[in-house]
Amino acid sequence: MKDKIIQFRNIVKEFGSIQVLRGVDLSLEKGQVMSIIGPSGAGKSTFLRCLNHLETIQRGNICVNGRYIAKEEKGKTVYSSEQEIRDICFTMGMVFQSFNLFPHMSVRNNIVRTLKLVKNMNTEKAESIVKEMLSLVGLSDKINNYPNELSGGQKQRVAIARALALHPDIMLFDEPTSALDPELVKEVLDIIRKLKSQKITMLIVSHEMNFVREISDRVI
């Protein structure tokens with residue numbers, strides 16, 4: 001039996017009186033690509049944000065690579081220590097629909113700065129990883145450009161490169177093409193196809209139905 005890299009059990013998430021996630025169970029195997037589809041407001045992005053602790057849950061178990069972010073004990077949901085949660089979250093890379101690049105930093109420094117802050121990496125090693133990741137996403141020639149000098153598709157590819165630079169076990173994509181013009185969507189989807197060929201575990205929220213049908217091992 002393949003390893004379960006992500007396990008959700010009986011997840012309940014509420015915003016005030018609104019229950020967004022109602023007893024959700026889900027598991028994802030290592031190397032698998034799962035897509036989450038559904039209408040706007042159904043809770044797809046909230047689900048991802050609960051996984052990487054950008055949102056907290058009211059009830060349930062969240063387990064990543066055998067380590068618990070949250071666990072139900074005697075009817076109560078107990079979170080692990082801040083350090084444990086931080087360590088678990090560092091095994092996941094997330095790409096948002098709005099890019100979230102630092103506008104005052106070059107492409108190089110957007111990634112180098114992240115590696116230094118998160119991995120405490122020296123400049124020489126960080127620079128080497130930057131070049132490797134930008135080559136992967138086809139943007140080696142943009143290393144010294146600033147975000148305002150890039151197209152939307154290029155910005156999203158830089159965001160993917162930045163997430164991949166941390167060598168995560170799991171990649172999370174929250175509608176990565178929704179902010180892009182139609183002609184720019186393909187270049188981002190091509191990168192995700194390349195990641196699938198490398199057997200990277202991915203959880204994708206998307207409205208691109210043809211792409212979801214092509215890329216996914218499972219669709220929720």
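Residues numbered from 1 in each chain as written. Predicted model: local features only at pLDDT ≥ 70, side-chain atom pairs only at ≥ 80, totals over all residues. Heavy atoms only, no water.

### Digging into the packing of helix H5 (residues 152-164) against helix H6 (residues 182-197)
The relative placement of two packed helices is expressed as an angle between their axes plus a distance between the axes.
Part 1 of the reasoning: Orientation of H5 relative to H6, taken along the N-to-C sense of each, is 20°, at an axis distance of 8 Å. Accordingly, the angle class assigned to the pair H5 and H6 is roughly parallel. Helix-helix and strand crossings are classified by hand; for H5 and H6 the assignment is right-handed. When H5 is examined against H6, the residues Gly 152, Gly 153, Gln 154, Gln 156, Arg 157, Ile 160 and Leu 164 are found in contact with a partner set consisting of Leu 184, Glu 187, Val 188, Ile 191 and Leu 195. (Axes fitted to C-alpha atoms, helices over the stretch in contact; angles between N-to-C directions. Helix = DSSP H or I, 4+ residues; strand = E, 2+ residues; numbered from the N terminus. Parallel < 35°, antiparallel > 145°, perpendicular 65-115°, else oblique. Left-handed = near helix turned anticlockwise from the far one by under 90°. Contact = heavy atoms within 4.5 Å.)

### Describing a nonpolar patch on the surface
Part 1 of the reasoning: Residues Ile 37, Met 209 and Val 219 make up a contiguous nonpolar surface patch of roughly 220 Å² in combined accessible area.
Part 2 of the reasoning: Looking at the element boundaries, Met 209 is found in helix H7 (residues 209-215). (Patch = residues over 30% accessible without salt bridge, like charges linked within 9 Å, V, L, I, M, F, W, Y side chains within 5 Å. Areas by Shrake-Rupley, 256 points an atom, 1.4 Å probe, with all protein chains shown as cover. Salt bridge = Lys/Arg side-chain N within 4 Å of Asp/Glu carboxyl O.)

### Concerning the pattern of salt bridges
Close approach of charged atoms lets side chains of opposite charge pair.
Part 1 of the reasoning: A complete count under the given rule lists 10 salt bridges for this structure.
Part 2 of the reasoning: A salt bridge links Glu 29 to Lys 4; the shortest N-O distance between them is 3.3 Å. Here Lys 4 lies in strand S1 (residues 4-15) and Glu 29 lies in strand S2 (residues 18-29), a separation of 25 residues in the sequence.
Part 3 of the reasoning: Given the relative accessible area of 27%, Lys 4 is considered partly exposed. (Buried < 20%, exposed > 50% of the residue type's maximum accessible area, 1.4 Å probe, protein only.)

### Remarks on the sheet that holds strand S6 (residues 76-79)
Backbone-to-backbone hydrogen bonds join strands into a sheet, with any given pair of strands oriented parallel or antiparallel.
Part 1 of the reasoning: As summarised here, the arrangement of the five strands in space is S2-S1-S4-S5-S6, forming an open sheet in which the pairing is antiparallel. Each end of this open sheet is capped by a strand with a single partner; those strands are S2 and S6. The mean angle between the axes of side-by-side strands here comes to 20°, regardless of whether they run parallel or antiparallel.
Part 2 of the reasoning: Taken strand by strand, helix H2 (residues 82-89) contacts strand S4 (59-64), strand S5 (67-73) and S6, and its axis lies near 130° from that of S5. (Pairing = 2+ DSSP bridges.)

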